[in-house]
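# Structural overview for review
Each chain, letter by letter, is given below.
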Amino acid sequence: MNSTSNATNYPLLAHPQIQLHGPVDNFMYANFKDQLANDSGSGPLVVSITTLGGDPEMARAMGDSIRLLREYTGRETLFLGKVAVYSAGATFMSAFPADKRFLTRGTRLMIHERIMNSTVQLSGPLNTLAPVLLAKLNEINDSIRIQDEGFADLVAGTQVTLDELKAKAPSNWYIEAEKARDLGLVLDII
């Protein structure tokens, strides 16, 4: 099927009510909330994003707004990834059911593990050092749990297993639109 005729199968995607681009950060989150507040509130909500990534917690916060909107209103929400949906963009995409996700032709997904940059400073009496290390270990373990929850949401209803995603994520898994469709990570390509 050519791209023109395929796009005509999804006319709602032609004019997303919410359009996001750039780094996933506080600014994008504020922009998202403003666009959502200014939406008419009727009919399916289409959200498009182009991003090279950013703050996974801001992606999760936007995703939670989408989930709550669906749960409280029953409103259909559709995801449209354009050009690049990397890192935190894929985290945001996981808030949409797999059969409500779309990519434009040539779009790439990139999924990776969360990254932590941290220095642990040990200084003081020996009995005070173990709690510092334990606190950092707890932070790492909780971050892994949050990451795995997002990974599970991303692969729910797809042909990708959680174990497969967890095996590929450490080395930055890049997925072309066609492959993402074939794996069921998105419903279709326009």
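An account of the accompanying structure is given in this report. Since this is a predicted model, take the numbers as computed values, not measurements. (Residues numbered from 1 in each chain as written. Predicted model: local features only at pLDDT ≥ 70, side-chain atom pairs only at ≥ 80, totals over all residues. Heavy atoms only, no water.)

## Brief notes about the packing of helix α2 (residues 26-37) against helix α3 (residues 56-73)
At a minimum axis separation of 9 Å, α2 and α3 run at an interaxial angle of 20 degrees. Between α2 and α3, the interaxial angle falls into the category roughly parallel. In this structure, α2 crosses over α3, and the sense of that crossing is right-handed. Facing α2, whose interface residues are Asn26, Met28, Tyr29, Phe32 and Leu36, α3 presents Met58, Ala61, Met62, Ser65, Ile66 and Leu69. The class makeup of the residues in the contact of α2 with α3 is 9 nonpolar, 2 polar and no charged. (Axes fitted to C-alpha atoms, helices over the stretch in contact; angles between N-to-C directions. Helix = DSSP H or I, 4+ residues; strand = E, 2+ residues; numbered from the N terminus. Parallel < 35°, antiparallel > 145°, perpendicular 65-115°, else oblique. Left-handed = near helix turned anticlockwise from the far one by under 90°. Contact = heavy atoms within 4.5 Å. Nonpolar A, V, L, I, M, F, W, Y, C, P; charged D, E, K, R; others polar.)

## What about α3?
An α-helical turn contains 3.6 residues, so any two residues separated by three or four positions project in the same direction. Over its 18 residues, α3 extends 26 Å from the first C-alpha to the last, a length consistent with the 26 Å expected when each residue adds 1.5 Å. On its buried side, α3 packs onto β1 (18-21), α2, β2 (45-51), β3 (77-86) and α4 (88-93). Its side-chain oxygen 2.8 Å from the backbone nitrogen of Glu57, Asp55 forms the N-cap of α3. One or two residues past the end of α3 sits Gly74, with phi positive at roughly 75 degrees. (Expected span 1.5 Å × (residues − 1). Polar contact = N/O pair within 3.5 Å; in protein donor to acceptor, adjacent residues only side chain to side chain.)

## Concerning a nonpolar patch on the surface
A surface patch of nonpolar side chains, amounting to about 290 Å² of accessible area, comprises Val120, Leu122, Val132 and Leu133. Structurally, Val120 is set in the loop between β5 (108-111) and α5 (126-155). (Patch = residues over 30% accessible without salt bridge, like charges linked within 9 Å, V, L, I, M, F, W, Y side chains within 5 Å. Areas by Shrake-Rupley, 256 points an atom, 1.4 Å probe, with all protein chains shown as cover. Salt bridge = Lys/Arg side-chain N within 4 Å of Asp/Glu carboxyl O.)

## Overview of the pattern of salt bridges
With the rule as written, the count across this model stands at 12 salt bridges. Here Arg108 makes a salt bridge to Glu176, at a shortest N to O gap of 3.8 Å. Placement of the pair is Arg108 in strand β5 and Glu176 in strand β6 (residues 173-176), with a sequence separation of 68 residues. For Glu176, a relative accessible area of 42% translates into the label partly exposed. A salt bridge links Asp182 to Arg181, with the shortest nitrogen-to-oxygen separation between them at 3.7 Å. Take Arg181: its relative accessible area is 32%, and that puts it in the partly exposed class. In this structure, a network of salt bridges that share partners links the residues Glu57, Arg60 and Arg114. (Buried < 20%, exposed > 50% of the residue type's maximum accessible area, 1.4 Å probe, protein only.)

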